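# Report on the structure
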Amino acid sequence: MFELYKKRQLGDYIVDSFTFFKTFGKHFFKIFFIINAGMLLVTGALMYWFLKLNFQFLSNDAVQKANPNQFLDYLGNSPVLIGFTIVSIIIVVLISLFNSAYPILYLKLIAQQNNNDFTAKEILATFRKSIWKIFKFTIGLLFIVMPALFILIIALFFLCFVLVGIPLIILAIPTLFTFINLSFYSYLTEDRSFFESLNHAYLLVKEDFWSTIGASFIVMIIIQMIQASITMFFYFVGIFAFIFFAIANPDFEKSSFQVSPIIIILLTIVFVLILVLSNIFNNILVINQGIIYYSLESENKISTTEIESIGSNNE
């Protein structure tokens, strides 16, 4: 059985992250897609509407004669578009809150039950109990932590002009990423306040700094390379599709701006795919941070192996 509370080194953080998905990946992503399926369908429908409405506006020949404020007036005077915007914001917030917390809640249930014998309903129940805490952490992160980190990043950026800032900013990015994620794990996993979680994450990062930051940096690079490859694939497919359309249509330059519903559907599908892939890659990163978190917490917990060995010794 996969053991969360185990002391690890640099290589173990990376290997165990992939071992986790080898052990629990099918169950993990099954619950992920069960819960996200409905929200993704609604998101896709809303995106289709958004693209259709805006392409209809762009296809209007009067756009070329319009004043610069016409598009803004169009956005502000369309009740459908206003309603779409409100619903989209609510859905995006819900999806973001759930997907940011899902890996943490999943590992929390595994740590409590020592197995993955739980369902999507249990994950949703845990999410509903934690949603106010997740919201509070998000607010605190946006208005307290992020401004301070933004100032730090700006200062490091200016130091890049004297070269010393380059290694510092390379070191700072995975450090801040790990600090934020360990704070979130501490806040949702243990009964700590927002500031207690920040302080606890700071102590955890200091405990095994080079191994944890090195593991975070390596996994971030791997994920970024994969994401960049997929993004470039969609980019070139879009370019070739546009060129093919222009060649196949001899009156392309003379014709007014018209977009086929098929093109809108394809764009919607691409948007949903990119959204899903982005969440999957983010889950992989957060699980890696969870492996780091539970490893650093292992000294404060009695591992499952130790409990079993105590029982066997008594026999």
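Note that this is a predicted model, so its numbers are computed, not measured.

Within the largest apolar cluster, 68 residues are counted, with the highest numbers of intra-cluster contacts made by Phe-20, Tyr-106 and Ile-123. Contributions of two or more residues to this core are made by α1 (10-58), α3 (79-113), α4 (120-159), α5 (165-189), α6 (194-207), α7 (209-248) and α8 (261-296). In this structure Ile-123 touches Ile-31, Ile-35, Phe-98, Tyr-102, Leu-105, Tyr-106, Leu-109 and Phe-118, once residues within four positions along its chain are discounted.

Okay, the layout of surface pockets next. In this model, the second largest pocket occupies a volume close to 480 Å³. Lining the second largest pocket are 21 residues; nearest its centre among them are Ser-96, Leu-97, Asn-99, Ser-100 and Asn-282. Of all elements in the fold, only α3, α4, α5 and α8 reach the threshold of two or more residues within the lining of the second largest pocket. For the lining of the second largest pocket, the element with the most residues is α3, which contributes six residues. Class assignment for the residues of the lining of the second largest pocket results in 13 nonpolar, eight polar and no charged.

Below, the discussion takes up empty space enclosed by the protein. In this structure the tally under the stated criterion is one cavity of 30 Å³ or more. For the largest cavity, the calculated volume is near 30 Å³. Considering the residues around the largest cavity, the lining is formed by Ser-17, Phe-18, Val-219, Ile-284 and Asn-288. Elements that contribute at least two residues to the lining of the largest cavity include exactly α1 and α8. Of the residues in the lining of the largest cavity, the class split is three nonpolar, two polar and no charged.

Under the definition given, this model contains three salt bridges. Here Asp-16 and Lys-6 are joined by a salt bridge, their closest N and O atoms 3.4 Å apart. One end of the pair, Asp-16, is in helix α1; the other, Lys-6, is in the segment before α1, with 10 residues separating them in the sequence. Residue classification places Asp-16 among the buried residues on the basis of a relative accessible area of 10%. When its relative accessible area of 34% is taken as the criterion, Lys-6 is described as partly exposed. For Arg-8, the salt bridge goes to Asp-16, with nearest N and O atoms at 2.5 Å.

Locating Asn-279 in the fold gives a position in helix α8. Sequence-distant contacts of Asn-279, that is, excluding residues within four places in its chain, are made with Phe-32, Ile-95 and Asn-99.

The subject of this paragraph is α5. Here α5 is 25 residues long and its end C-alpha atoms lie 35 Å apart, about the 36 Å a rise of 1.5 Å per residue gives. With 18 of 25 residues buried, α5 lies mostly within the body of the structure.

In total, this model carries 27 aromatic pairs according to the counting rule given. Between Phe-21 and Phe-28, the ring centres sit 5.7 Å apart and the planes meet at 90°, which makes this aromatic pair edge-to-face. The interplanar angle of 70° and the centroid separation of 5.0 Å between the aromatic rings of Tyr-106 and Phe-118 together place this pair among those described as edge-to-face. With Tyr-106 in helix α3 and Phe-118 in the loop between α3 and α4, this pair connects stretches of sequence that are 12 residues apart. Each member of the pair Tyr-106 and Phe-118 is classed as buried. The rings of Phe-20, Phe-21, Phe-24, Phe-28, Phe-29, Phe-32, Phe-33, Phe-98, Tyr-102, Tyr-106, Phe-118 and Phe-127 are connected pair by pair, giving a single aromatic cluster.

Cut-offs applied
- Residues numbered from 1 in each chain as written.
- Predicted model: local features only at pLDDT ≥ 70, side-chain atom pairs only at ≥ 80, totals over all residues.
- Heavy atoms only, no water.
- Core = buried A, V, L, I, M, F, W, Y, C linked by side-chain atoms within 4.5 Å.
- Buried < 20%, exposed > 50% of the residue type's maximum accessible area, 1.4 Å probe, protein only.
- Helix = DSSP H or I, 4+ residues; strand = E, 2+ residues; numbered from the N terminus.
- Contact = heavy atoms within 4.5 Å.
- 1 Å grid on protein atoms, 1.4 Å probe; cavity = no way out; pocket = protein on both sides within 12 Å on 5 of 7 lines; lining within 4 Å.
- Points joined across faces, edges and corners; volume = space filled by probe spheres on them.
- Nonpolar A, V, L, I, M, F, W, Y, C, P; charged D, E, K, R; others polar.
- Salt bridge = Lys/Arg side-chain N within 4 Å of Asp/Glu carboxyl O.
- Expected span 1.5 Å × (residues − 1).
- Phe/Tyr/Trp six-rings, centres within 6.5 Å; stacked < 30°, edge-to-face > 60°.

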